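Chain by chain, the residues:
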Amino acid sequence: MNEHVEPAQYNSLKRAEPSLPARWYYDDEHYRQELTRLWYRNWVYVCRSSALTEPMSFRTLRIGDQSVIVVRDGESNLQAYHNTCPHRGSQLCEATSGRLGSKLLVCPYHQWSFAADDGRLVRVSSFAEPEGFCKSDHGLYKVALAEWRGSVFVNLNPEAIWGSEAAFQRPPDIFERFPLEAMVVGETWRKEISCNWKSFWENFNECLHCPNVHPELSDLVPLYSRRIIDPKDVPDWTQFEGSDDPRYRGGLRPGAETWSSDSSAQEHLISTLTEDGFARGQAYASTWPSMFIGGYADHVRIVRLLPLGPERIELQAEWLFEPETLADSRYDKSNVVEFAKLVMEQDGRACEVNQKGLHALPFKQGVLMPEEYLLKRFHDWVRNGLTLE
(Lines give C-alpha, C1' and ligand atoms only; values in the text may rest on other atoms or scores of the structure.)
Protein backbone atom coordinates (compact mmCIF):
# COMPACT_ATOMS: atom_id res chain seq x y z
CA MET A 1 0.00 0.00 0.00
CA ASN A 2 1.25 3.52 -0.82
CA GLU A 3 2.32 5.05 2.51
CA HIS A 4 3.11 8.64 1.52
CA VAL A 5 -0.46 9.94 1.96
CA GLU A 6 -2.60 8.83 4.89
CA PRO A 7 -5.93 10.62 5.44
CA ALA A 8 -6.54 11.68 9.02
CA GLN A 9 -8.08 8.88 11.13
CA TYR A 10 -8.30 6.54 8.16
CA ASN A 11 -8.70 3.04 9.58
CA SER A 12 -6.33 0.76 7.73
CA LEU A 13 -3.21 -1.30 7.83
CA LYS A 14 -0.31 0.72 6.51
CA ARG A 15 1.26 -2.24 4.73
CA ALA A 16 0.46 -5.80 3.74
CA GLU A 17 0.73 -7.95 6.87
CA PRO A 18 1.19 -11.73 7.02
CA SER A 19 -1.68 -13.65 8.57
CA LEU A 20 -1.16 -16.48 11.02
CA PRO A 21 0.53 -19.65 9.72
CA ALA A 22 -1.91 -22.00 8.00
CA ARG A 23 -0.98 -24.97 10.18
CA TRP A 24 -2.15 -23.06 13.26
CA TYR A 25 -5.68 -23.73 12.03
CA TYR A 26 -5.45 -27.53 11.87
CA ASP A 27 -2.30 -28.80 13.59
CA ASP A 28 -3.08 -30.88 16.70
CA GLU A 29 0.06 -29.93 18.60
CA HIS A 30 -0.46 -26.23 18.01
CA TYR A 31 -4.10 -26.54 19.01
CA ARG A 32 -2.95 -27.96 22.36
CA GLN A 33 -0.70 -24.93 22.86
CA GLU A 34 -3.61 -22.57 22.18
CA LEU A 35 -5.80 -24.38 24.68
CA THR A 36 -3.12 -24.17 27.37
CA ARG A 37 -1.99 -20.60 26.79
CA LEU A 38 -5.13 -18.88 25.53
CA TRP A 39 -8.29 -20.76 26.49
CA TYR A 40 -7.07 -21.89 29.92
CA ARG A 41 -5.75 -18.44 30.86
CA ASN A 42 -8.57 -16.15 29.75
CA TRP A 43 -12.16 -15.58 30.84
CA VAL A 44 -14.77 -17.81 29.21
CA TYR A 45 -18.49 -17.09 29.24
CA VAL A 46 -20.62 -19.77 30.93
CA CYS A 47 -24.23 -18.57 31.13
CA ARG A 48 -26.51 -15.87 32.46
CA SER A 49 -26.67 -15.62 36.24
CA SER A 50 -30.43 -16.15 35.98
CA ALA A 51 -29.78 -19.70 34.75
CA LEU A 52 -28.55 -20.50 38.27
CA THR A 53 -31.13 -18.88 40.53
CA GLU A 54 -32.09 -21.83 42.72
CA PRO A 55 -29.80 -22.95 45.58
CA MET A 56 -27.67 -25.92 44.48
CA SER A 57 -28.47 -25.39 40.80
CA PHE A 58 -25.47 -26.06 38.56
CA ARG A 59 -24.07 -25.84 35.05
CA THR A 60 -21.14 -27.74 33.58
CA LEU A 61 -18.99 -26.45 30.76
CA ARG A 62 -16.30 -28.12 28.68
CA ILE A 63 -13.41 -25.92 27.55
CA GLY A 64 -11.13 -27.98 25.34
CA ASP A 65 -10.48 -31.12 27.40
CA GLN A 66 -11.28 -29.41 30.70
CA SER A 67 -14.66 -29.67 32.40
CA VAL A 68 -15.87 -27.06 34.89
CA ILE A 69 -18.87 -27.12 37.20
CA VAL A 70 -20.51 -23.88 38.39
CA VAL A 71 -22.90 -24.21 41.32
CA ARG A 72 -25.08 -21.84 43.35
CA ASP A 73 -24.31 -22.78 46.96
CA GLY A 74 -26.64 -22.72 49.96
CA GLU A 75 -25.73 -19.09 50.66
CA SER A 76 -26.73 -18.09 47.10
CA ASN A 77 -23.12 -17.54 46.05
CA LEU A 78 -21.72 -18.92 42.83
CA GLN A 79 -18.74 -21.26 43.04
CA ALA A 80 -16.70 -22.89 40.28
CA TYR A 81 -14.56 -26.02 40.38
CA HIS A 82 -12.87 -28.42 38.03
CA ASN A 83 -15.41 -31.17 37.43
CA THR A 84 -12.99 -33.74 38.85
CA CYS A 85 -12.76 -35.76 42.05
CA PRO A 86 -9.30 -35.48 43.71
CA HIS A 87 -9.54 -39.13 44.80
CA ARG A 88 -8.78 -40.82 41.48
CA GLY A 89 -9.93 -38.27 38.94
CA SER A 90 -13.51 -39.29 38.23
CA GLN A 91 -15.83 -36.72 36.72
CA LEU A 92 -18.14 -35.43 39.42
CA CYS A 93 -21.12 -34.57 37.24
CA GLU A 94 -22.04 -35.72 33.73
CA ALA A 95 -25.17 -33.61 33.30
CA THR A 96 -24.90 -30.20 31.64
CA SER A 97 -27.31 -28.61 34.10
CA GLY A 98 -29.57 -29.47 37.00
CA ARG A 99 -29.88 -29.16 40.76
CA LEU A 100 -27.95 -31.02 43.45
CA GLY A 101 -29.97 -33.06 45.92
CA SER A 102 -28.05 -31.64 48.89
CA LYS A 103 -25.35 -29.11 49.75
CA LEU A 104 -22.75 -31.66 48.74
CA LEU A 105 -21.09 -32.58 45.47
CA VAL A 106 -20.83 -36.37 45.59
CA CYS A 107 -18.52 -38.30 43.31
CA PRO A 108 -20.56 -40.98 41.49
CA TYR A 109 -17.61 -43.38 41.45
CA HIS A 110 -16.51 -43.77 45.11
CA GLN A 111 -18.90 -41.35 46.84
CA TRP A 112 -16.37 -38.87 48.15
CA SER A 113 -18.43 -35.86 49.23
CA PHE A 114 -17.47 -32.20 48.96
CA ALA A 115 -19.11 -29.04 50.33
CA ALA A 116 -20.53 -26.97 47.48
CA ASP A 117 -19.75 -23.67 49.21
CA ASP A 118 -15.95 -24.04 49.44
CA GLY A 119 -15.06 -27.40 47.86
CA ARG A 120 -13.73 -28.94 51.08
CA LEU A 121 -13.74 -32.71 51.42
CA VAL A 122 -16.44 -33.65 53.94
CA ARG A 123 -16.29 -37.43 53.95
CA VAL A 124 -14.80 -40.44 52.20
CA SER A 125 -16.31 -43.88 51.72
CA SER A 126 -13.41 -45.88 53.17
CA PHE A 127 -13.86 -47.58 56.55
CA ALA A 128 -10.77 -45.88 57.87
CA GLU A 129 -8.48 -43.05 56.88
CA PRO A 130 -4.83 -44.02 56.31
CA GLU A 131 -1.96 -42.55 58.26
CA GLY A 132 -0.92 -39.17 56.88
CA PHE A 133 -4.24 -38.56 55.15
CA CYS A 134 -5.78 -35.14 55.81
CA LYS A 135 -9.15 -34.15 54.36
CA SER A 136 -8.09 -30.52 54.06
CA ASP A 137 -5.45 -31.54 51.50
CA HIS A 138 -7.97 -33.11 49.15
CA GLY A 139 -10.63 -30.52 48.41
CA LEU A 140 -11.97 -29.68 44.96
CA TYR A 141 -9.80 -27.72 42.54
CA LYS A 142 -11.01 -24.13 42.46
CA VAL A 143 -11.70 -22.19 39.27
CA ALA A 144 -11.87 -18.39 39.21
CA LEU A 145 -15.39 -17.04 38.70
CA ALA A 146 -16.76 -13.59 38.00
CA GLU A 147 -20.20 -12.09 37.39
CA TRP A 148 -20.48 -9.11 35.07
CA ARG A 149 -23.84 -7.45 34.45
CA GLY A 150 -25.80 -10.66 34.86
CA SER A 151 -23.35 -12.92 33.03
CA VAL A 152 -21.10 -15.61 34.52
CA PHE A 153 -17.48 -16.10 33.44
CA VAL A 154 -14.82 -18.59 34.55
CA ASN A 155 -11.05 -18.65 34.26
CA LEU A 156 -9.08 -21.88 34.77
CA ASN A 157 -6.35 -19.85 36.43
CA PRO A 158 -7.61 -19.90 40.05
CA GLU A 159 -5.66 -16.72 40.80
CA ALA A 160 -7.22 -14.71 37.98
CA ILE A 161 -8.90 -11.46 38.99
CA TRP A 162 -11.73 -10.10 36.88
CA GLY A 163 -11.44 -6.69 35.31
CA SER A 164 -13.70 -5.71 32.42
CA GLU A 165 -11.02 -3.49 30.89
CA ALA A 166 -8.63 -6.43 30.65
CA ALA A 167 -11.26 -9.07 29.88
CA PHE A 168 -12.88 -7.22 26.97
CA GLN A 169 -10.79 -6.46 23.90
CA ARG A 170 -13.71 -4.56 22.39
CA PRO A 171 -14.83 -2.43 25.38
CA PRO A 172 -18.37 -2.84 26.76
CA ASP A 173 -18.85 0.87 27.57
CA ILE A 174 -21.30 1.17 24.70
CA PHE A 175 -23.69 -1.07 26.69
CA GLU A 176 -24.02 1.30 29.62
CA ARG A 177 -27.59 2.22 28.63
CA PHE A 178 -28.67 -1.36 27.98
CA PRO A 179 -30.49 -2.88 31.01
CA LEU A 180 -28.44 -6.08 30.79
CA GLU A 181 -28.94 -7.16 34.40
CA ALA A 182 -32.73 -7.13 34.03
CA MET A 183 -32.92 -8.76 30.60
CA VAL A 184 -33.87 -12.43 30.32
CA VAL A 185 -33.03 -15.19 27.87
CA GLY A 186 -35.90 -15.75 25.46
CA GLU A 187 -34.24 -18.15 23.04
CA THR A 188 -31.07 -20.29 22.81
CA TRP A 189 -29.55 -21.83 19.68
CA ARG A 190 -26.51 -24.07 19.20
CA LYS A 191 -24.64 -25.23 16.14
CA GLU A 192 -21.40 -27.08 15.46
CA ILE A 193 -19.22 -25.63 12.70
CA SER A 194 -16.28 -27.35 11.00
CA CYS A 195 -13.69 -24.60 11.35
CA ASN A 196 -10.93 -23.47 13.65
CA TRP A 197 -11.98 -21.09 16.43
CA LYS A 198 -9.73 -18.33 15.08
CA SER A 199 -11.54 -18.44 11.73
CA PHE A 200 -14.74 -17.45 13.51
CA TRP A 201 -13.13 -14.35 15.04
CA GLU A 202 -11.48 -13.36 11.77
CA ASN A 203 -14.80 -13.56 9.96
CA PHE A 204 -16.49 -11.54 12.73
CA ASN A 205 -13.93 -8.73 12.48
CA GLU A 206 -14.17 -7.87 8.78
CA CYS A 207 -16.84 -7.16 6.21
CA LEU A 208 -15.00 -7.77 2.96
CA HIS A 209 -17.20 -10.86 2.76
CA CYS A 210 -20.50 -9.15 3.59
CA PRO A 211 -22.07 -8.33 0.18
CA ASN A 212 -21.70 -11.82 -1.26
CA VAL A 213 -22.12 -13.83 1.98
CA HIS A 214 -24.76 -11.65 3.70
CA PRO A 215 -27.03 -10.02 1.09
CA GLU A 216 -29.90 -9.63 3.59
CA LEU A 217 -27.65 -8.09 6.25
CA SER A 218 -25.98 -5.81 3.71
CA ASP A 219 -29.42 -4.55 2.74
CA LEU A 220 -30.29 -3.87 6.38
CA VAL A 221 -26.91 -2.23 7.14
CA PRO A 222 -26.00 -0.45 3.87
CA LEU A 223 -22.47 0.36 5.06
CA TYR A 224 -21.73 -3.38 4.96
CA SER A 225 -22.58 -3.45 1.25
CA ARG A 226 -19.43 -1.36 0.76
CA ARG A 227 -17.36 -4.16 2.39
CA ILE A 228 -16.49 -2.05 5.43
CA ILE A 229 -17.53 -1.93 9.08
CA ASP A 230 -16.79 1.73 9.82
CA PRO A 231 -17.23 4.87 7.69
CA LYS A 232 -13.51 5.63 8.17
CA ASP A 233 -12.41 2.35 6.57
CA VAL A 234 -11.95 3.97 3.13
CA PRO A 235 -9.32 6.57 2.18
CA ASP A 236 -11.83 9.18 0.97
CA TRP A 237 -14.15 8.98 3.98
CA THR A 238 -13.91 12.74 4.66
CA GLN A 239 -15.77 13.45 1.38
CA PHE A 240 -18.89 11.90 2.91
CA GLU A 241 -18.53 13.19 6.47
CA GLY A 242 -21.89 14.49 7.68
CA SER A 243 -23.86 12.49 5.11
CA ASP A 244 -27.29 11.19 6.11
CA ASP A 245 -26.95 8.23 3.77
CA PRO A 246 -26.42 5.06 5.86
CA ARG A 247 -24.09 3.78 3.13
CA TYR A 248 -21.65 6.42 4.35
CA ARG A 249 -22.60 7.24 7.95
CA GLY A 250 -23.45 3.69 9.09
CA GLY A 251 -26.58 2.51 10.87
CA LEU A 252 -29.64 0.76 9.51
CA ARG A 253 -31.45 1.54 6.28
CA PRO A 254 -34.19 4.23 6.42
CA GLY A 255 -37.26 3.00 8.30
CA ALA A 256 -35.48 0.00 9.87
CA GLU A 257 -35.44 -0.31 13.66
CA THR A 258 -33.55 -3.47 14.57
CA TRP A 259 -31.93 -6.69 13.38
CA SER A 260 -35.01 -8.71 12.44
CA SER A 261 -36.56 -10.31 9.39
CA ASP A 262 -38.79 -7.31 8.70
CA SER A 263 -36.45 -4.80 10.46
CA SER A 264 -39.24 -3.92 12.92
CA ALA A 265 -38.90 -3.73 16.72
CA GLN A 266 -42.64 -4.40 17.04
CA GLU A 267 -43.18 -1.39 19.32
CA HIS A 268 -40.71 -2.69 21.90
CA LEU A 269 -37.75 -0.34 21.69
CA ILE A 270 -35.57 -0.50 24.80
CA SER A 271 -36.63 2.60 26.71
CA THR A 272 -33.22 3.39 28.23
CA LEU A 273 -31.54 3.81 24.85
CA THR A 274 -30.97 7.25 23.38
CA GLU A 275 -31.72 8.44 19.87
CA ASP A 276 -28.02 8.06 19.15
CA GLY A 277 -28.22 4.44 20.27
CA PHE A 278 -31.15 3.76 17.95
CA ALA A 279 -29.43 5.50 15.04
CA ARG A 280 -26.32 3.38 15.47
CA GLY A 281 -28.33 0.25 14.75
CA GLN A 282 -26.02 -2.17 16.52
CA ALA A 283 -23.42 -2.15 19.30
CA TYR A 284 -20.74 -4.73 20.05
CA ALA A 285 -18.38 -5.80 22.81
CA SER A 286 -16.17 -8.87 22.69
CA THR A 287 -13.96 -10.83 25.04
CA TRP A 288 -11.52 -13.22 23.42
CA PRO A 289 -11.47 -16.09 23.00
CA SER A 290 -15.04 -16.96 23.95
CA MET A 291 -17.82 -14.46 23.28
CA PHE A 292 -19.28 -11.27 21.91
CA ILE A 293 -22.36 -9.25 22.84
CA GLY A 294 -24.50 -7.57 20.21
CA GLY A 295 -26.91 -4.84 21.27
CA TYR A 296 -29.92 -3.81 19.16
CA ALA A 297 -32.96 -1.58 19.63
CA ASP A 298 -35.20 -4.26 21.16
CA HIS A 299 -32.86 -7.06 22.24
CA VAL A 300 -29.35 -8.24 23.02
CA ARG A 301 -27.59 -11.28 21.58
CA ILE A 302 -24.78 -13.12 23.37
CA VAL A 303 -22.73 -15.42 21.14
CA ARG A 304 -20.24 -17.87 22.62
CA LEU A 305 -17.91 -20.27 20.88
CA LEU A 306 -16.08 -23.24 22.37
CA PRO A 307 -13.32 -25.26 20.70
CA LEU A 308 -14.18 -28.90 20.03
CA GLY A 309 -10.93 -29.64 18.20
CA PRO A 310 -8.48 -28.00 15.79
CA GLU A 311 -11.15 -27.82 13.10
CA ARG A 312 -14.45 -27.76 14.95
CA ILE A 313 -16.29 -25.34 17.23
CA GLU A 314 -19.62 -25.14 19.00
CA LEU A 315 -21.46 -21.87 18.54
CA GLN A 316 -24.17 -20.84 21.00
CA ALA A 317 -26.41 -17.80 20.77
CA GLU A 318 -28.71 -16.45 23.48
CA TRP A 319 -31.28 -13.75 22.77
CA LEU A 320 -32.03 -11.45 25.70
CA PHE A 321 -35.19 -9.37 25.96
CA GLU A 322 -36.76 -7.12 28.52
CA PRO A 323 -39.35 -9.11 30.56
CA GLU A 324 -42.22 -6.94 29.36
CA THR A 325 -41.26 -7.63 25.75
CA LEU A 326 -41.54 -11.37 26.20
CA ALA A 327 -44.75 -10.94 28.21
CA ASP A 328 -46.43 -9.24 25.24
CA SER A 329 -48.23 -11.97 23.26
CA ARG A 330 -48.13 -9.75 20.19
CA TYR A 331 -44.35 -9.69 20.14
CA ASP A 332 -42.94 -12.34 17.79
CA LYS A 333 -39.40 -13.12 18.95
CA SER A 334 -38.83 -15.34 15.91
CA ASN A 335 -38.69 -12.15 13.86
CA VAL A 336 -35.41 -11.39 15.64
CA VAL A 337 -34.14 -14.93 16.12
CA GLU A 338 -34.56 -16.17 12.56
CA PHE A 339 -32.76 -13.20 11.05
CA ALA A 340 -29.72 -13.61 13.31
CA LYS A 341 -29.70 -17.37 12.71
CA LEU A 342 -29.64 -16.71 8.96
CA VAL A 343 -26.60 -14.45 9.36
CA MET A 344 -24.80 -16.94 11.62
CA GLU A 345 -25.57 -19.85 9.29
CA GLN A 346 -24.10 -17.84 6.42
CA ASP A 347 -21.00 -17.08 8.48
CA GLY A 348 -20.69 -20.75 9.40
CA ARG A 349 -20.73 -21.88 5.78
CA ALA A 350 -18.14 -19.25 4.85
CA CYS A 351 -15.86 -20.35 7.70
CA GLU A 352 -16.18 -24.00 6.68
CA VAL A 353 -15.24 -23.23 3.08
CA ASN A 354 -12.29 -21.19 4.30
CA GLN A 355 -11.18 -24.03 6.58
CA LYS A 356 -11.12 -26.55 3.74
CA GLY A 357 -8.79 -24.38 1.68
CA LEU A 358 -6.22 -23.98 4.44
CA HIS A 359 -4.84 -27.49 3.84
CA ALA A 360 -3.41 -26.71 0.39
CA LEU A 361 0.24 -27.76 0.37
CA PRO A 362 1.63 -24.49 -1.07
CA PHE A 363 -0.45 -22.29 1.26
CA LYS A 364 1.74 -21.41 4.24
CA GLN A 365 0.00 -18.23 5.38
CA GLY A 366 -2.21 -15.52 3.95
CA VAL A 367 -1.97 -11.75 3.75
CA LEU A 368 -4.05 -9.06 5.43
CA MET A 369 -5.47 -6.22 3.36
CA PRO A 370 -5.94 -2.61 4.58
CA GLU A 371 -9.54 -3.13 5.81
CA GLU A 372 -8.48 -6.10 7.93
CA TYR A 373 -6.90 -4.03 10.69
CA LEU A 374 -9.03 -5.69 13.35
CA LEU A 375 -7.73 -9.08 12.22
CA LYS A 376 -4.20 -7.81 12.78
CA ARG A 377 -5.18 -6.79 16.30
CA PHE A 378 -6.63 -10.26 16.92
CA HIS A 379 -3.58 -11.99 15.43
CA ASP A 380 -1.30 -9.93 17.66
CA TRP A 381 -3.37 -10.97 20.68
CA VAL A 382 -2.98 -14.64 19.69
CA ARG A 383 0.76 -14.32 19.09
CA ASN A 384 1.34 -12.46 22.35
CA GLY A 385 -0.68 -14.97 24.33
CA LEU A 386 1.27 -17.89 22.91
CA THR A 387 4.58 -16.38 24.01
CA LEU A 388 3.54 -16.00 27.65
CA GLU A 389 4.96 -18.63 29.99
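Visitor: Would you mind going over the packing of aromatic side chains with me for this structure?
Guide: Both the distance between ring centres and the angle between the ring planes are used here to describe each pair of aromatic rings. In this structure the tally under the stated criterion is 27 aromatic pairs. Aromatic pair Trp148 and Phe168: ring centres 4.9 Å apart, planes at 50°, arrangement tilted. Taken as a pair, Trp148 in strand E10 (residues 144-148) and Phe168 in the loop between helix H2 (164-167) and strand E12 (184-193) lie far apart in primary sequence, 20 residues in all. In this structure, Trp148 and Phe168 share a single accessibility class: buried.

Visitor: Looking at this structure, how should I read the sheet that holds strand E14 (residues 291-295)?
Guide: Hydrogen bonds between backbone atoms are what pair the strands of a sheet, whose relative direction is either parallel or antiparallel. The strand order E12-E16-E15-E14-E13 describes an open sheet built from five strands, whose pairing is antiparallel. Across the chains shown, the open sheet's two edge strands, defined by having one partner strand only, are E12 and strand E13 (283-287). Ignoring strand direction, the axes of neighbouring strands in this sheet form an average angle of 15°.

Visitor: I keep staring at the state of the cysteines and nothing clicks. Help me out?
Guide: Formally, a disulfide is one covalent bond, and it connects the sulfur atom of one cysteine to the sulfur atom of another. Scanning the model with the defined rule gives one disulfide in all. At a sulfur-sulfur separation of 1.9 Å, the disulfide partner of Cys207 is Cys210. Of note, the bridge from Cys207 to Cys210 carries an S-S torsion of about -95° and is left-handed in sense. Its relative accessible area of 3% is what places Cys210 among the buried residues. Between Cys85, a cysteine without a disulfide, and Cys107, which holds the nearest cysteine sulfur, the sulfur-to-sulfur distance is 3.9 Å.

Visitor: Where do I start with unusual backbone geometry in this structure?
Guide: Cis geometry marks the peptide bond from Trp288 to Pro289, where omega comes out at 10°. Checked against the element boundaries, Pro289 lands in the loop between E13 and E14. Despite not being glycine, Arg149 has its phi angle at roughly 50°, a positive value.

Visitor: Teacher, can you tell me more about the nonpolar core here?
Guide: It is characteristic of soluble globular proteins that their nonpolar side chains tend to be buried jointly. By size, the foremost hydrophobic cluster in this structure holds 63 residues, and its most contacted members are Trp39, Val70, Trp197, Trp201, Trp259, Trp319 and Val382. Looking at this core element by element, the count peaks at seven residues for helix H9 (residues 334-357). If we skip the residues at most four places from it in the chain, Val382 touches Leu20, Trp24, Glu34, Leu38, Trp197 and Lys198. Grouped together as the second largest cluster of nonpolar side chains are 22 residues, Trp148, Ala160, Ala283 and Met291 included.

Visitor: Can you walk me through the environment of Leu13 in this structure?
Guide: Mapped onto the fold, Leu13 is located in the segment before strand E1 (17-21). In this structure the C-alpha to C-alpha distance between Leu13 and Leu308, which are 295 residues apart in sequence, comes to 32 Å.

Visitor: Looking at this structure, I do not really get the packing of helix H3 (residues 197-204) against helix H10 (residues 373-387). What am I missing?
Guide: Describing two packed helices takes the angle between their axes plus the distance from one axis to the other. Two numbers describe how H3 lies on H10: the axes approach to 9 Å, and their chain directions differ by 150°. Taken as axis vectors, H3 and H10 run roughly antiparallel relative to one another. Crossing handedness for the pair H3 and H10: right-handed. Of H10, the residues touching H3 (which contributes Trp197, Lys198, Trp201 and Glu202) are Leu375, Phe378, His379, Trp381 and Val382. A per-class count over the contact of H3 with H10 returns six nonpolar, one polar and two charged.

Visitor: Explanation requested: the sheet that holds strand E7 (residues 104-106) in the structure shown.
Guide: Strand order in the open sheet formed by three strands is E7-E8-E9, and the pairing between neighbours is antiparallel. Looking at the sheet topology across the chains shown, the edges are occupied by E7 and strand E9 (121-123). The mean angle between the axes of side-by-side strands here comes to 40°, regardless of whether they run parallel or antiparallel. As defined by bridge partners, strand E8 (residues 113-115) adjoins E9 across two bridges and the pair is classed as antiparallel. By the bridge assignment for E9, Ser113 is matched with Arg123.

Visitor: When you look at the pairing of strand E3 (residues 57-63) in this model, what are you seeing that I'm missing?
Guide: Among the seven residues that make up E3, five are buried, leaving the element largely enclosed by the rest of the structure. Pairing analysis gives three bridges linking E3 to strand E6 (residues 97-99), with the strands arranged antiparallel. From the neighbouring strand, Arg59 faces E6, where its bridge partner is Ser97. Pairing analysis gives six bridges linking E3 to strand E4 (residues 66-72), with the strands arranged antiparallel. The residue of E4 that forms the bridge with Leu61 is Val68. What sits between E3 and E4 in their antiparallel hairpin is a turn of two residues, with Gly64 showing a positive phi close to 60°.

Visitor: So what exactly am I meant to see when it comes to the pairing of strand E2 (residues 44-48) here?
Guide: The side chains of a regular strand alternate between the sheet's two faces. Extensive coverage of E2 is indicated by the burial of five of its five residues. Across four bridges, E2 lies against strand E11 (residues 151-155) in antiparallel orientation. The residue bridging Arg48 from the neighbouring strand is Ser151, located in E11.

Visitor: Explanation requested: the packing of H3 against H9 in the structure shown.
Guide: Relative to each other, H3 and H9 sit at 125°, their axes nearing to 10 Å. On the basis of their axis angle, the class for H3 and H9 is oblique. Regarding H3 and H9, the two cross each other, and that crossing is right-handed. Two secondary-structure elements touch here, H3 through Ser199, Phe200 and Asn203 and H9 through Asp347, Ala350, Cys351, Asn354 and Gln355. Considering only residue class, the contact of H3 with H9 consists of three nonpolar, four polar and one charged.

Each value, and the rule that gives it
Residues numbered from 1 in each chain as written. Predicted model: local features only at pLDDT ≥ 70, side-chain atom pairs only at ≥ 80, totals over all residues. Heavy atoms only, no water. Phe/Tyr/Trp six-rings, centres within 6.5 Å; stacked < 30°, edge-to-face > 60°. Helix = DSSP H or I, 4+ residues; strand = E, 2+ residues; numbered from the N terminus. Buried < 20%, exposed > 50% of the residue type's maximum accessible area, 1.4 Å probe, protein only. Pairing = 2+ DSSP bridges. Axes fitted to C-alpha atoms, helices over the stretch in contact; angles between N-to-C directions. Disulfide = S-S within 2.5 Å. Core = buried A, V, L, I, M, F, W, Y, C linked by side-chain atoms within 4.5 Å. Contact = heavy atoms within 4.5 Å. Parallel < 35°, antiparallel > 145°, perpendicular 65-115°, else oblique. Left-handed = near helix turned anticlockwise from the far one by under 90°. Nonpolar A, V, L, I, M, F, W, Y, C, P; charged D, E, K, R; others polar.

Structural measurements only, silent on function.
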